[in-house]
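Per-entry structural report
Letter by letter, the chains look like this.
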Amino acid sequence: MTEQEMHAKILELVKEYCDTYHKEKPYHEGDRIPYASRVYDHEEMCNLVDSALEFWLTSGRYVKQFEADLAKYLGVKYVSVVNSGSSANLLAFMTLTSPLLGERRIRRGDEVITVAAGFPTTVSPIVNYGAVPVFVDVTIPQYNIDVTKLEAALSGRTKAVMIAHTLGNPFDLKAVKDFCDKHNLWLVEDNCDALGSLYTIDGEEKFTGSVGDLGTSSFYPPHHMTMGQGGAVYTSNPLLHKIARSMRDWGRDCVCASGEDNHCGHRFDGQYGELPKGYDHKYVYSHFGLNLNITDMQAAVGCAQLKKFPSFVERRRHNFDYLKNGLKDIEDKLILPEPCAGSKPSWFGFLMTCREGIDRKKVVPYIESKGVQTRMLFAGNLIKHPCFNEMREKGEGYRVVGSLENTDRIMNDTFWIGVYPGMTDEKLDYMIQVIHEAVERG
């Protein structure tokens, strides 16, 4: 048997194994319904094994394919995959600190406008670098930044806006982009919960993540698509792409891929910093970077997922609409989510806020007791968490503009359930029934 024949036989057996032992189990009422889960078949598993058989353990052909395919899907010029969505946010922010950006670079002490009602890794890169997050409130029931507060948040040290599209619902991109353009600010779209969401801006429908200067994605299993661990940074700005690639790849000045030498033809004749002339360009560092790369095996799974991705988005929209229709008769008890005007969200979850007289501390435990998994809106109010204790005590390191009234309301009264594409209408019906029971009791 030749190597090619054995390779084909192995993949055929993998396909058979997946189809036999990884089939979805039939649902029975009362079975645990998670807020999110992987949706995959033998294509992902065959890609994974194909990559393993090649045994190229770092980034390789599947990474190149995934970056090209995702760029094409989003309509951007450049994609750089990384090892997580958190790393994607870190890399996007650190890109804006590069000396190559001149006066527009973010320096320690500069300010970045953001929100406290979200996931901490949108804010962590700002704090860890020594820049200052400036928190403004959000709106309910969109759960995104209140754009009427932007001008009040501006100061002479403001350099960027870095915010997420909450649970797939785009923030008001038109207002935020206009604000950033007016004041020459960078815009980073944390798109980790919104891959596939659409927004019409200036008459053109675009994917979220492609409007700002930089966009980020996460491919952790609960997200819109998965490669296990993984993320991406994307942009159409060639300078930002160059900086992001450098910082992702140890801070190297060289653009050669792993295993590639002398792509530019000038590996040994350049002059860099105070190094001796002709120092090996592969080991010249223009930034303080990290190794944030993924393996080809992860990207192999991502390539198969991306082929299915449009169907995932459509099912998420169906599930969201189904839940909203089934819960509209209890809008006097729960505030139901609303999409941003001009948007077509790729929903990550279905957010609800308890109205007066409905106690989340009673509603959520009941829903969980019936096998339906719930989640809070991540941090609720991030600055209330222990990680902010020292800054709160010192009264430094961040700014709050106005009150965070809605942010605190979300912290106390809001929860969400999933809409992942593996959910059937039967599961959705059960979830609707359980939520009705919960609010009647709560």
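Presented here is a report on the structure given in the accompanying data block.

Thresholds, definitions, all that
Residues numbered from 1 in each chain as written. Predicted model: local features only at pLDDT ≥ 70, side-chain atom pairs only at ≥ 80, totals over all residues. Heavy atoms only, no water. Pairing = 2+ DSSP bridges. Helix = DSSP H or I, 4+ residues; strand = E, 2+ residues; numbered from the N terminus. Contact = heavy atoms within 4.5 Å. Axes fitted to C-alpha atoms, helices over the stretch in contact; angles between N-to-C directions. Salt bridge = Lys/Arg side-chain N within 4 Å of Asp/Glu carboxyl O. Buried < 20%, exposed > 50% of the residue type's maximum accessible area, 1.4 Å probe, protein only. Arc of directions from axis to C-beta. Polar contact = N/O pair within 3.5 Å; in protein donor to acceptor, adjacent residues only side chain to side chain. Phe/Tyr/Trp six-rings, centres within 6.5 Å; stacked < 30°, edge-to-face > 60°. Lys NZ or Arg CZ within 6 Å of the ring centre and 35° of its normal. Core = buried A, V, L, I, M, F, W, Y, C linked by side-chain atoms within 4.5 Å.

Okay, the sheet that holds strand E2 (residues 111-115) next. Read across the sheet, eight strands follow the order E1-E9-E8-E5-E4-E2-E3-E13 without closing on themselves; strand pairing throughout is mixed. In this open sheet, the two strands that pair with only one neighbour each are strand E1 (78-82) and strand E13 (399-400). Pairing geometry for strand E8 (residues 214-218) and strand E9 (residues 231-235), over four bridges, is antiparallel. Across the sheet, the residue bridging to Ser218 is Gly231, located in E9. On top of the sheet, helix H4 (residues 85-95) reaches E1, E2, strand E4 (158-164), strand E5 (186-190), E8 and E9; it is set at about 165 degrees to E8, its chief contact. Packing against the sheet, helix H7 (residues 173-182) makes contact with E2, E4 and E5, and its axis sits at approximately 150 degrees to E5.

A few words on unusual backbone geometry. Residues apart from glycine generally show negative phi values, whereas peptide bonds are mostly found in trans. A cis amide bond, omega 20 degrees, links Ile140 with the succeeding residue Pro141. For Pro141, the position within the fold is in the loop between strand E3 (132-136) and helix H6 (150-153).

Counted by the stated rule, this structure contains 29 salt bridges. In this structure, Glu111 engages Arg399 in a salt bridge whose closest nitrogen and oxygen atoms are separated by 2.9 Å. Highlighted residues: Glu111 in strand E2 and Arg399 in strand E13, separated in sequence by 288 residues. Through salt bridges with shared partners, a single network forms among Asp41, Glu43, Glu44 and Lys308.

Within helix H10 (residues 360-369) the residues assigned to the buried category are Arg360, Val363, Val364, Tyr366 and Ile367. Here the buried residues of H10 occupy an arc of 165 degrees about the axis, which is enough to place them on one side. Of the exposed residues in H10, those oriented more than 90 degrees away from the buried face are Lys361, Lys362 and Ser369. For H10, the N-terminal cap is Asp359; the gap from its side-chain oxygen to the backbone nitrogen of Lys361 is 2.9 Å. Where H10 ends, the next residue or the one after it, Gly371, has phi of about 90 degrees, a positive value.

The next point concerns the packing of aromatic side chains. Applying the stated criterion to the full structure yields 14 aromatic pairs. Ring centres 6.1 Å apart and planes at 65 degrees place the aromatic pair Phe135 and Tyr398 in the edge-to-face group. Here Phe135, found in strand E3, pairs with Tyr398, found in the loop between helix H11 (389-394) and E13; they are 263 residues apart in sequence, far enough to count as distant. Taken as a pair, Phe135 and Tyr398 share a single burial class, namely buried. Arg104 extends its terminal NZ or CZ atom over the ring of Trp186, reaching a point 3.7 Å from the ring centre.

Turning to the nonpolar core, a few remarks are in order. Counting residues in hydrophobic clusters, the biggest one holds 32 residues, and the most contacted among them are Ile113, Ile145, Val161 and Val176. Counting residues per element, this core draws most heavily on H7, at four residues. Beyond its immediate chain neighbours, meaning those up to four positions away, Val161 contacts Val112, Ile113, Val176, Phe179, Cys180, Leu185, Trp186, Leu187 and Val188. In terms of nonpolar packing, the next biggest core, distinct from the first, is built from 31 residues, Val363, Met423, Tyr430 and Val434 among them.

In this section: the sheet that holds strand E12 (residues 349-354). Backbone hydrogen bonds hold the strands of a sheet together, and the pairing may be parallel or antiparallel. Ordered in space as E10-E12-E14, the three strands form an open sheet in which the pairing is antiparallel. Both edges of this open sheet fall to strand E10 (334-335) and strand E14 (414-418), since each of them pairs with a single strand only. Relative to E12, E10 runs antiparallel, the two sharing two bridges. Within the sheet, the bridge partner assigned to Leu334 lies in E12 and is Cys354.

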